[in-house]
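Read off the chains here:
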Amino acid sequence: GCLVIASNRTAIPEVCNNALLIEPNTESLKEALQNPPCRTGNVCESPSWDSSAKRLSDILLLHSNG
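This is a predicted model, so every value here is computed, not measured.

Once that is clear, we can look at the overall build of the chain. Within the chain, the regular secondary structure consists of 3 helices and 2 strands. The buried share of the chain, taken over its 66 residues, is 9%. When contacts within the chain are restricted to residue pairs at least 6 apart in sequence, long-range pairs at least 24 apart make up 26% of them.

Pairs may arise between side chains of opposite charge once their charged atoms sit close together. One pass over the full model with this rule turns up 2 salt bridges. Note that Lys54 is salt-bridged to Asp58, the shortest N-O span being 2.8 Å. Within this pair, Lys54 and its partner Asp58 are both found in helix α3 (residues 49-65), separated by 4 residues, close to a single helical turn. We classify Asp58 as partly exposed; its relative accessible area is 37%.

As for its placement among the helices and strands, Pro13 is situated in helix α1 (residues 12-15). If we skip the residues at most four places from it in the chain, Pro13 touches Ser7, Asn8 and Leu21.

With that out of the way, let us pick up unusual backbone geometry. For Thr10, which is not glycine, the phi dihedral falls at a positive 50°. As for its position among the elements, Thr10 is in the loop between β1 (5-7) and α1.

Time to look at the environment of Asn25. Tracing the chain through its elements places Asn25 in the loop between β2 (20-22) and α2 (26-34). By relative accessible area, Asn25 is classed as partly exposed at 36%. Sequence-wise, Asn25 and Ser7 are 18 residues apart; in three dimensions their C-alpha atoms are separated by 8.9 Å. At 2.7 Å, the side chain of Asn25 and the backbone nitrogen of Ser28 are in polar contact.

Here we come to the confidence of the model for the chain. Atom-level detail of predicted coordinates should not be read off regions where pLDDT is low. When pLDDT is averaged along the chain, the result is 81; 83% of the residues meet or exceed 70. Considering each helix and strand of the chain separately, the mean pLDDT is smallest for α3, with a value of 84, and largest for α2, with 92.

Rules and cut-offs
Sequence order as written defines residue numbering, which begins from 1 separately in each chain. The predicted origin of the model limits local features to residues at a pLDDT of at least 70 and limits the giving and counting of side-chain atom pairs to 80 or more, whereas totals for whole chains, interfaces and linings rest on all residues. To obtain the side-chain values, all non-hydrogen atoms of the structure were included, while hydrogens and water were left out. Each helix is a run of H or I in the DSSP string that is no shorter than four residues. Each strand is a run of E no shorter than two, and both are numbered from the N terminus. Under the scheme applied here, a residue whose accessible area is under 20% of the maximum for its type counts as buried, over 50% as exposed, and between as partly exposed, the area being computed with a 1.4 Å probe on protein chains only. We call two residues contacting when some pair of their heavy atoms lies within 4.5 Å. What counts as a salt bridge is simple: a side-chain nitrogen of Lys or Arg found within 4 Å of a carboxyl oxygen of Asp or Glu. Under the rule applied, a polar contact is a pair of N or O atoms within 3.5 Å (in protein, one hydrogen donor and one hydrogen acceptor; residues adjacent in sequence only if both atoms are side-chain atoms). One number per residue, pLDDT, summarises how confident the predictor is, and it ranges from 0 to 100.

Put into structure tokens, the structure is as follows:
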């Protein structure tokens, strides 16, 4: 269920269903990250630094205690 941005080269297009395929260059990646792919019917929101930091902290704490 993860949204994917992938290169349109080699075998990647053959194995990535529903991925946003881009040219493997900086400008294409920049454009794709600024306009990420969305699931149909869902609103795409860019994650905030705070929510990203919280999720990462939760993951690190989970693995350090496990």
